[in-house]
Amino acid sequence: MRRITVSAPGKVILHGEHAVVYGKKALAASLNLRTYMSVTKRGDNLINLHFPDIELKLSLPCGIDVSGNNTKNGDVTSPIPASDDVIETLKKLSGLDVDASQSQTLAVVSFLYVYTEISKASKSPLPGIDVGVQSELPIGAGLGSSASYSVCLAAALLQLGSHINESKFSSNTETDTLYQSSWTHNETELIKKWSYISEKIMHGNPSGVDNSVTTFGGAIEFRKGNITNLSQMPEIKILLVNTKVPRSTKTLVSNVRTKYDKYVDVIGPIMDAIDAVTTRSIDTYSNLLDNGHSSPSLYKDLGELIDINQGLLRTLGVSHSRLDRVCEVTAALGLHAKLTGAGGGGCAFCLITPGTPKADVKEVMSQLRAEGFECWKTNICGQGVIRHWTHSEHYNIPPGFLPE
Ligand code: PMV
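Definitions and limits used
In this numbering scheme, every chain counts its residues from 1 along its sequence in written order. It should be noted that, the model being predicted, local features are given only for residues of pLDDT at least 70 and side-chain atom pairs only at 80 or more, the latter also being counted only at that level, while totals for whole chains, interfaces and linings use all residues. Calculation of side-chain values draws on the structure's entire complement of heavy atoms; hydrogens and water are dropped beforehand. Nonpolar cores were defined as sets of buried Ala, Val, Leu, Ile, Met, Phe, Trp, Tyr and Cys residues, with membership established by side-chain atoms within 4.5 Å. Whether a residue is buried, partly exposed or exposed follows from its accessible area with a 1.4 Å probe, protein chains only, as a fraction of its type maximum: under 20%, in between, or over 50%, in that order. Contacts: residue pairs with any heavy atoms within 4.5 Å of one another. Axes, fitted as lines to C-alpha atoms, cover a helix only where it is in contact. Angles between the N-to-C directions of the axes lie from 0 to 180 degrees. Each helix is a run of DSSP H or I of at least 4 residues and each strand a run of E of at least 2, with the numbering of both proceeding from the N terminus. Angular relationships are summarised with four words: roughly parallel below 35 degrees, roughly antiparallel beyond 145, roughly perpendicular across 65 to 115, and oblique for the angles in between. Definitions for this section: a left-handed crossing has its near helix turned counterclockwise from the far helix by less than a right angle. A right-handed crossing has that turn clockwise. Residues were grouped as follows: Ala, Val, Leu, Ile, Met, Phe, Trp, Tyr, Cys and Pro as nonpolar; Asp, Glu, Lys and Arg as charged; and all remaining residues, including Gly, as polar. A pairing counts as a salt bridge when a side-chain nitrogen of Lys or Arg comes within 4 Å of a carboxyl oxygen of Asp or Glu. Residues are classed as near a molecule or strand on a simple rule: at least one heavy atom within 4 Å of it. Any N or O atom pair separated by 3.5 Å or less is treated as a polar contact, with the protein-specific requirement of one donor-capable and one acceptor-capable atom, and with residues adjacent in sequence counted only for side-chain atom pairs. Surface accessibility follows the Shrake-Rupley procedure with a 1.4 Å probe radius. Residue values consider only the protein chains on display as shielding. All the domain ranges listed were derived from an automatic or database domain assignment.

**Some details on the nonpolar core**
Right, so step 1: Membership of the largest hydrophobic core comes to 56 residues, with the highest contact counts inside it found for M37 and F111.
Right, so step 2: Ignoring anything within four residues of it in the chain, the contact list for F111 reads I47, L49, I129, V131, Y149, L153 and L157.
Right, so step 3: With 34 residues, the next largest nonpolar core counts Y22, Y260, I270 and L312 among its residues.

**Things to note about the packing of helix α2 (residues 102-120) against helix α3 (residues 145-160)**
Right, so step 1: Running from amino to carboxyl end, α2 crosses α3 at an angle of 25 degrees, the nearest separation of the two axes being 10 Å. Judged by the inter-axis angle, α2 sits roughly parallel to α3. In the packing of α2 onto α3, the handedness of the crossing is right-handed. Facing α2, whose interface residues are A107, S110, F111, V114, Y115 and I118, α3 presents Y149, L153, A154, L157 and L158.
Right, so step 2: Residue composition of the contact of α2 with α3, grouped by class: 10 nonpolar, one polar and no charged.

**Quick word on the pattern of salt bridges**
Right, so step 1: Under the criterion given, the structure shown has 14 salt bridges.
Right, so step 2: A salt bridge links K24 to D272; the shortest N-O distance between them is 2.8 Å. Residue K24 is located in the loop between β1 (3-15) and β2 (26-41), and its partner D272 is located in helix α7 (residues 264-290); the two are separated by 248 residues in the primary sequence.
Right, so step 3: Look at D272 and you get partly exposed, because its relative accessible area is 41%.
Right, so step 4: With a shortest N-O distance of 3.2 Å, K300 and E304 are connected by a salt bridge. You can see K300 and its partner E304 sitting in helix α8 (residues 296-315), four residues apart, about one turn around the helix.

**Some words on the site of the ligand**
Right, so step 1: Taken together, K11, I13, E17, H18, V20, V21, G142, R247, T249, V253, G341 and A342 are the residues near the ligand.
Right, so step 2: At a separation of 3.2 Å, an oxygen atom of the ligand approaches a polar side-chain atom of K11.
Right, so step 3: Measuring from an oxygen atom of the ligand, one finds a side-chain N or O atom of R247 at 2.7 Å.
Right, so step 4: Across the complex, the protein chains shield 80% of the 390 Å² of accessible surface that the ligand would expose by itself.
Right, so step 5: Of all the elements in the fold, those that place two or more residues in the shell around the ligand are β1 and α6 (249-262).
Right, so step 6: Split by residue class, the shell around the ligand holds five nonpolar, four polar and three charged.
Right, so step 7: Here the shell around the ligand spans two domains, and each of domain 1 (3-220) and domain 2 (234-380) adds at least three residues to it.

Here it is, written out as structure tokens:
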């Protein structure tokens, strides 16, 4: 097959943002909004990148190599992160305009690094390819757009170099029609490892939450670098709301650090309280699953925990008037919302409990849209990285991405 089409989900932090920086636990889940990548073999030595979401169209030769990057020949299992020097050299070799945006530069540099390193670890160099990327996620809003890109990149190029071979098939109908496949656990671990190499180029020193949840899907508990996959998570419905207010995770994390250092006796207990909220919420989700998703009192608890968490984050100074407005609009109809990720803008999520009248959700969405917010109704715990074989109505594979 000439074309490889893969997709990976975005993520939402349900609880524990900021506190996780202080060794507390965080709860993150994958989304049902995905990034799609198609890689089509060419007959020549060109790499054509077409990423319309970030307005990038670029053609490069595929023989680019940089001394200093040193994934051992043949050892694909031990990828080496790019050094600052290699990143700088790749920026120069990328052929990008001087006025290229940060997201264009980082997407191209991480692509080139992963491509050249996987190529070196392959029996024969990777061929020339056309690469298309399209995402259902807003870019740079804290919903894991870069992690889902990195995971797609790792999966598609590892597959192109025959380092992984999809082996587990799932069909979406009662017929034998094959729509999608995934890889063995070890192969999926390899995808996660390589996606982290790309994430490091995009984010400097990421915690590993995003690319883990995006690779495996479902929900994870994250604490001090340790990741536990949570099988006890129901696929609940949420409303994602983008305030469209730009924010810098780095600045927000550093502002919280200043406050923490100054008032450690005050802020420390807030971090402990967020940790307790996360623990209670994990337990509640697990009880919900045991109760067949339909316990109004457990949903009530989840709503209260969301409100408490938002209040604590507000006290840390990481909310924003637009995020507070989302909470007001949703609360007027009895729904519960909190910021997700670094805050200071970016996104919020609102829990949609099973009994919520459709008209109320419609009303909230139209009110939020009228006030300039962007919103999507979606599920959490979407499937992790997969390879697509033919079109399935379950996925909105963009036109031109369908396997040939
Ligand atoms: O902005 P996001 O969605 O990448 O989330 C940042 C989460 C923080 O806890 C604030 C920082 C971190 O590194 O965990």
